[in-house]
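Close look at the chain arrangement
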Amino acid sequence: MDQKLQMAGTQSQLEMGSLVVNESLHEFEDESLFSPESVIQKMQPGHISEYGSAPGGFQPGGSKMGKNVVYKSIKTVVFSNKLNVLIPFGPLTILVHILTGHNGLVFLLSLLGIIPLAERLGYATEQLAMYTGPTVGGLLNATFGNATELIIAIYALRNGMIRVVQLSLLGSILSNMLLVLGCAFFCGGLVFYRKEQVFNKASATVNSGLLLMAVMGLLFPAVLHFTHTEVHYGKSELALSRFSSCIMLGVYAAYLFFQLKSRKDPYIPLSEDESQHGENEDDHDETPEIGKWESVIWLLIMTAWISILSEYLVDAIEGTSRAWNIPISFIGVILLPIVGNAAEHAGAIMFAMKDKLDISLGVAIGSSTQISMFGIPFCVVVGWIMGKPMDLNFQLFETATLFITVIVVAFFLQEGSSNYFKGLMLILCYVIVAASFFVHEDRPPEDKSSTP
């Protein structure tokens, strides 16, 4: 009788052991879909001895897992948006440039090719922001959104196209402050039309102050030039621009430290009554669709591809101006930044429609701050290193336009709230600016290259 009981107990233990093995095998199959490291960690020594060494025995499964991850990532990023049907216009731009060299056609095709890439750049940044937090996410969006403008500026500066650099950077600031922010306010206000969206007024005040400082840095060289009060003609203006650029770069570095270290998440969405904003809790529980390093890789790919197409875009500006009978200043200040800022445009609208207006503000105003306090001074310093007379004299008309724009936007941000009507007014202000540059004849500045 005792032997029968022992045999029954042994059989039950064997059955339980087989169940444990089966459960561990199922667990291994589930985990193999995610990461090979977690598979190896969850395997018991008995499993490894049964199936072979971990690196060798599971290498085919790991390669298959890697292919699945790549396929899923491409499917999510490339094939999940209908706007991506415009992506083939990118390679078509290069092909038309090589075969025909028609500047107007190359310009149009590159415009269409950049639009979906910029939208996907905003999507990848939004995914990465879920891992890094709102503060770093807003700065990342502004950084990758402005990478194209900085690459274009350095390329044009190397070829001595100083005026193109100035116009494109100025247009980027105006587009972000009026068009991008206006569309974000307008679309967010339409989605949440029953209430006013709120944002961090303190962060908006800091950015407005930095923009006013940038205006001051651009204003004094222009006034010095047009009042003919330079101590040394052609030298004082350039020396003042280089000195002011170094100061502005130092201030921007201090601003980054202030945002990332001294303050804690200034872009966290505000809510005066949490009980009325249950949807905000759902946004915080939102899970990313792609991994963190996948987001980084896609950001680099999109930025590089946009930069390549932007180079063709810039090269075709002069020919397009003659073919379409459009002033170069209008192309540089209005048309070019609309495409270059498409990433900020799409990202700011997406965040605003999800009631994440602080991130939208960090994208639009943060991008303008970065261009004015980092992009422009950086180009002055790079031109200094290259021996190019790049200065902060953006001419009187352009400087006055920037000054009025900063004042208008500062008034709109002082209340710390937004609605669709404020967005509409900002958009219409941008229309007025666009019309002004359409009838403005850009006269080239006096040549300073002959001045030692």
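So, how was this worked out
- Residues numbered from 1 in each chain as written.
- Predicted model: local features only at pLDDT ≥ 70, side-chain atom pairs only at ≥ 80, totals over all residues.
- Heavy atoms only, no water.
- Helix = DSSP H or I, 4+ residues; strand = E, 2+ residues; numbered from the N terminus.
- Contact = heavy atoms within 4.5 Å.
- Areas by Shrake-Rupley, 256 points an atom, 1.4 Å probe, with all protein chains shown as cover.
- Phe/Tyr/Trp six-rings, centres within 6.5 Å; stacked < 30°, edge-to-face > 60°.
- Buried < 20%, exposed > 50% of the residue type's maximum accessible area, 1.4 Å probe, protein only.
- pLDDT = per-residue confidence, 0-100.
- Salt bridge = Lys/Arg side-chain N within 4 Å of Asp/Glu carboxyl O.

Helix and strand counts for the protein chain stand at 19 helices and two strands. The long-range fraction of contacts in the protein chain, counting pairs at least 24 apart against all pairs at least 6 apart in sequence, stands at 83%. For the protein chain, the exposed area adds up to about 22400 Å²; of that, 66% sits on carbon and sulfur atoms.

Turning our attention to the packing of aromatic side chains. The full count for this structure, using the stated rule, is seven aromatic pairs. Ring geometry for Phe107 and Trp324: centres 5.6 Å apart, planes at 85 degrees, overall edge-to-face. Of this pair, Phe107 sits in helix α7 (residues 103-132) while Trp324 is found in helix α14 (residues 317-324), placing the two residues 217 residues apart along the sequence. Of the residues examined, Phe107 reaches a relative accessible area of 0% and is grouped as buried. A residue is classified by how much of its surface remains accessible, and Trp324, at 36% relative accessible area, is partly exposed. For the ring pair Phe374 and Phe378, a centre distance of 5.4 Å and an interplane angle of 20 degrees mean the geometry is stacked. Here Phe378 and Phe374 lie together in helix α17 (residues 357-386), a separation of four residues that amounts to about one turn. Take Phe378: its relative accessible area is 29%, and that puts it in the partly exposed class.

In the predicted model, the protein chain carries a mean pLDDT of 77, and the fraction of residues at 70 or more is 75%. When the criterion is pLDDT under 50, residues 19-59 qualifies, and its contacts beyond four places in sequence or with other chains add up to 22 contacts. The model gives residues 448-452 a pLDDT under 50, and that stretch makes nine contacts with residues more than four places away or in other chains.

This part takes up the pattern of salt bridges. Taken as a whole, this structure holds three salt bridges when the rule is applied. For Glu398, the salt bridge is made with Arg163, and the minimal N-O distance between the two is 2.8 Å. One end of the pair, Glu398, is in helix α18 (residues 396-413); the other, Arg163, is in helix α9 (residues 162-191), with 235 residues separating them in the sequence. Each member of the pair, Glu398 together with Arg163, is buried. Residue Lys195 is joined to Asp355 by a salt bridge in which the shortest nitrogen-to-oxygen separation is 3.4 Å. Highlighted residues: Lys195 in the loop between α9 and β1 (197-198) and Asp355 in the loop between α16 (342-353) and α17, separated in sequence by 160 residues. Accessibility expressed as a relative area gives 8% for Asp355, which makes it buried.

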